[in-house]
Structure formats: C-alpha cells, structure tokens
Amino acid sequence: MKQPWIHNAKTDGWFILSPPFIILLVIFLFQKQIQELENKYSFYTWLFLIVFVDVAHVYSTLFKTYFVKEEIRRRKFLYYGIPLLSWLLGLILYQFGSLTFWSVLALIAVFHFIRQQYGFTRIYARFEPDHWNKKLDEIAVYSAAIFPMLYWFKTPRAFTWFIENEFRWLHQVPDYIPAITFMYFGILILWLSKTMYDILKTKQVNIPKIALISGTYVSWYFGIVYFNNDLVFTFLNVISHGIPYISLIYIREIEQKDTPQLKALYLFKSSFGIFLFILIIIGFAFFEEFLWEILVWNEHFSLNLNVSKNWFQFLIPLLIVPQLTHYLLDGFIWRSPKRGGGI
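Residues numbered from 1 in each chain as written. Predicted model: local features only at pLDDT ≥ 70, side-chain atom pairs only at ≥ 80, totals over all residues. Heavy atoms only, no water.

Comments concerning the pattern of salt bridges
In step 1: A full pass over the atoms with the stated rule returns 10 salt bridges.
In step 2: Here the salt bridges do not stand alone but share partners, grouping Glu-128, Asp-137, Lys-194 and Lys-209 into one network. (Salt bridge = Lys/Arg side-chain N within 4 Å of Asp/Glu carboxyl O.)

So, in structure tokens, the structure goes:
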C-alpha cells in the first residue's frame, strides 16, 4: 500500500514517530544517570525540555498563523479574538483562586495533548476508508491517553502538570481504577487483534499509523503509570508532544510550500532557514519563560523585582495568553474543511 507519510519515511520516522520509543529506550538504559541529571542539572533539563521544546512548540504555531498575512486577513476575528478570549478567561478563572486557575488550565492542556495524537492518527489514516476499523483506531488513541490521566487523578504521582495539587479535587471521586484498567487493556487487546487481522487479511501495513498509536500507548503509560518520576514524565511527555508538532509545522507550512506561497517566509526554506526557524521559536520561548521566572516563579532566575501577589490576578492571566491561545487555536487551524477535527 501507499504509505501516508506527511513528508517521507525518514523525516516522519525520526521526528514524528520515533521520539517516544527513543526516549523510553534511553530511560531504561540510563535510569541512574537520569536520576543524577535530575538532581544535579535541573536548570539545564528545565532549559532544554521546558523552554527549548515545550514552550518553543507553542510559538512554532506562529508560522501557520500570525506570520502569514493572508491567513490573518482571512480569519481576523479568530486571530484577534482568541488571544483576547484567553486573557478574559484567565482573568475570570483566577478570581476563583490560583488552584482553580491552574487546574482548569491543566485539563485544557491535557485535552490539547490528546487531540494532537488524534489529529496525527487522522492524518496517517487519510487513505483508509471510513468504517469501524478507523473508529477503533481513534478509540485506541483516546484510551491510550485518557487511562493514564484517570490513573493519575486517583494515584499520587511524583510530578505535576503545572503546580502541586492541581488534580486534588478529583481524589474524592469513588475508586474507578479496576474498572478503567479492565477497559484500557480490553481496548488495547481489541486494537492489537484488529490490526493483526487486517495485516493478515489485506497483506498491507499502515506503518506510520500503527507506529503513532503504539507510541501514544508507550509515552503515556510509561510516562505516567509505570514510572513515577518527574524527569521521566517530562522527557516522555514533552519530547513526544513538542518535537512532532514543531516538525509538522515546518514540513506543512514551509518545506511543502513553494516560494510564491511562502512569500516573506521563503527565507526559512533552506538549511540555514531551519536553523533560523528553530532560533526564532526558541527566542520567543526563552523570553516568555524569563518573564515568568522574574515576575512569578523566581526558581531559575531571580532579579528580586518583588512583584506584589495582588498583581498576580492580572499578570498571570496575561502571561498565559500565548499558551492558552495555542491550545484554543489548534482546535481551528488544523480542522479539515470537509470533516472537522484535525490535529
């Protein structure tokens, strides 16, 4: 069968499909070194994983949205309205307290991460007919991500999404772990059986789709359920989400477009252009995190600005605008004109 690569086997394999498997292999081989890395070099792991990957992937969206004049003209209300909505939503949520603010934001972030995997599944299944097999693939992707999160809600973990106790209010829910564990492994077995049956029946293998769904199971289960380690979770969570997204942006919005379509962005369509692309998104990411550090967290940079916590109700919702805008915009910018959804 014709493989539904986004770019080609090599690019998709290294930058979209392999990250969870490579990271998991590194984790199993170097567990002691990873613990030492976490203890002695927390600043550098934060800088690379959080700033250079996680926050940077947020700003890569600029190359599909705000850096494209035609796109802004076509959907002005969306691109001006979503940031304003993000700030207003943040202001409202913060009035219910800091914990409520971060808890709701964490749930939005989780949904965004899950939808990315669903979107990639849709892309890699685009040549397949619409029938129950495709629906089972989608159910498997959701199960692969939702079960670990539900497990996290009821089981104390050594890591957080944003802040400590962000999911504490869910601890009061009756224990559902046995039921969802049965459903999780039932769906996994059903999906594996269906996949093997289809391969034997049709003698065809959709390599990227199977790798994508398998990688989703791997990154979410081992990152949240199997291991209970902050750095391991961050490695699997951030790399498996951020690198594929940044790669998709560059492939779809720069590499696969010709010069007339790119216009001013044609500068990024070269070896130097890739470097410039990465440098720009990292620059935006570092600037945002620097503001967070000196104004709010004071963990890695401390300039002792002594910002009054009374201002946090305005400042924090403002600082969260880029990230929340990214989450909300992704529900629109990848949507298929015919079917909806997307990455």
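Still more ground to cover, so stick around.
Structural notes on the packing of aromatic side chains
In step 1: Applying the stated criterion across every chain, the model contains 42 aromatic pairs.
In step 2: Ring centres of Tyr-184 and Phe-185 lie 5.0 Å apart, and the angle between their planes is 85°; on these two criteria the pair is classed as edge-to-face.
In step 3: Judged by its relative accessible area of 3%, Tyr-184 falls in the buried class.
In step 4: Given a relative accessible area of 37%, Phe-185 falls into the partly exposed group.
In step 5: When the ring centre of Trp-334 is taken as reference, the NZ or CZ atom of Lys-64 above it lies at 4.4 Å. (Phe/Tyr/Trp six-rings, centres within 6.5 Å; stacked < 30°, edge-to-face > 60°. Buried < 20%, exposed > 50% of the residue type's maximum accessible area, 1.4 Å probe, protein only. Lys NZ or Arg CZ within 6 Å of the ring centre and 35° of its normal.)

Considerations on the nonpolar core
In step 1: Residues Met-149 and Trp-161 are the most contacted members of the largest nonpolar core, which totals 49 residues.
In step 2: Taken together, the elements giving at least two residues each to this core come down to α6 (76–94), α7 (98–124), α8 (132–154), α9 (177–202), α10 (207–226), α13 (271–297), α14 (312–319) and α15 (321–333).
In step 3: Element by element, the count of residues in this core is highest for α8, at nine residues. (Core = buried A, V, L, I, M, F, W, Y, C linked by side-chain atoms within 4.5 Å. Helix = DSSP H or I, 4+ residues; strand = E, 2+ residues; numbered from the N terminus.)

A word on the packing of α6 against α15
In step 1: Here α6 crosses α15 at 130°, and the two axes come no closer than 9 Å. One way to sum up the angle between α6 and α15 is to call them oblique. Every pair of crossing elements has a handedness; the one defined by α6 and α15 is right-handed. Between α6 and α15, the residues in contact are Leu-78, Tyr-79, Ile-82, Pro-83, Leu-85, Ser-86, Trp-87 and Leu-89 and Val-321, Leu-324, Thr-325, Leu-328, Leu-329, Phe-332 and Ile-333, respectively. (Axes fitted to C-alpha atoms, helices over the stretch in contact; angles between N-to-C directions. Parallel < 35°, antiparallel > 145°, perpendicular 65-115°, else oblique. Left-handed = near helix turned anticlockwise from the far one by under 90°. Contact = heavy atoms within 4.5 Å.)

Things to note about α6
In step 1: Here α6 is 19 residues long and its end C-alpha atoms lie 28 Å apart, about the 27 Å a rise of 1.5 Å per residue gives.
In step 2: Within α6, the axis deviates most sharply at Ile-82, by approximately 25°, and proline Pro-83 lies no more than four positions further along.
In step 3: Leu-78, Tyr-79, Ile-82, Ser-86, Gly-90, Leu-91, Leu-93 and Tyr-94 are the residues of α6 that are buried.
In step 4: The elements touched by buried residues of α6 are α5 (69–74), α7, α14 and α15. (Expected span 1.5 Å × (residues − 1). Bend = angle between axes of the 7 residues up to and from the residue.)

So, unusual backbone geometry
In step 1: Positioned with a positive phi, Lys-263 is a non-glycine residue whose angle comes to about 55°.
In step 2: As for its position among the elements, Lys-263 is in the loop between α12 (259–262) and α13.
In step 3: With a phi angle near 55°, Asn-298 is a residue other than glycine that sits in the positive phi range.
In step 4: By secondary structure assignment, the location of Asn-298 is in the loop between α13 and α14.
In step 5: Judged by its relative accessible area of 36%, Asn-298 falls in the partly exposed class.

Concerning the environment of Ile-282
In step 1: Along the chain, the position of Ile-282 falls in helix α13.
In step 2: As a C-alpha pair, Ile-282 and Phe-48 span 234 residues in sequence and 9.8 Å in three-dimensional space.
In step 3: The residues touching Ile-282, leaving out its near neighbours within four places in the chain, are Phe-52 and Ala-56.

These figures come from the coordinates and say nothing about function on their own.
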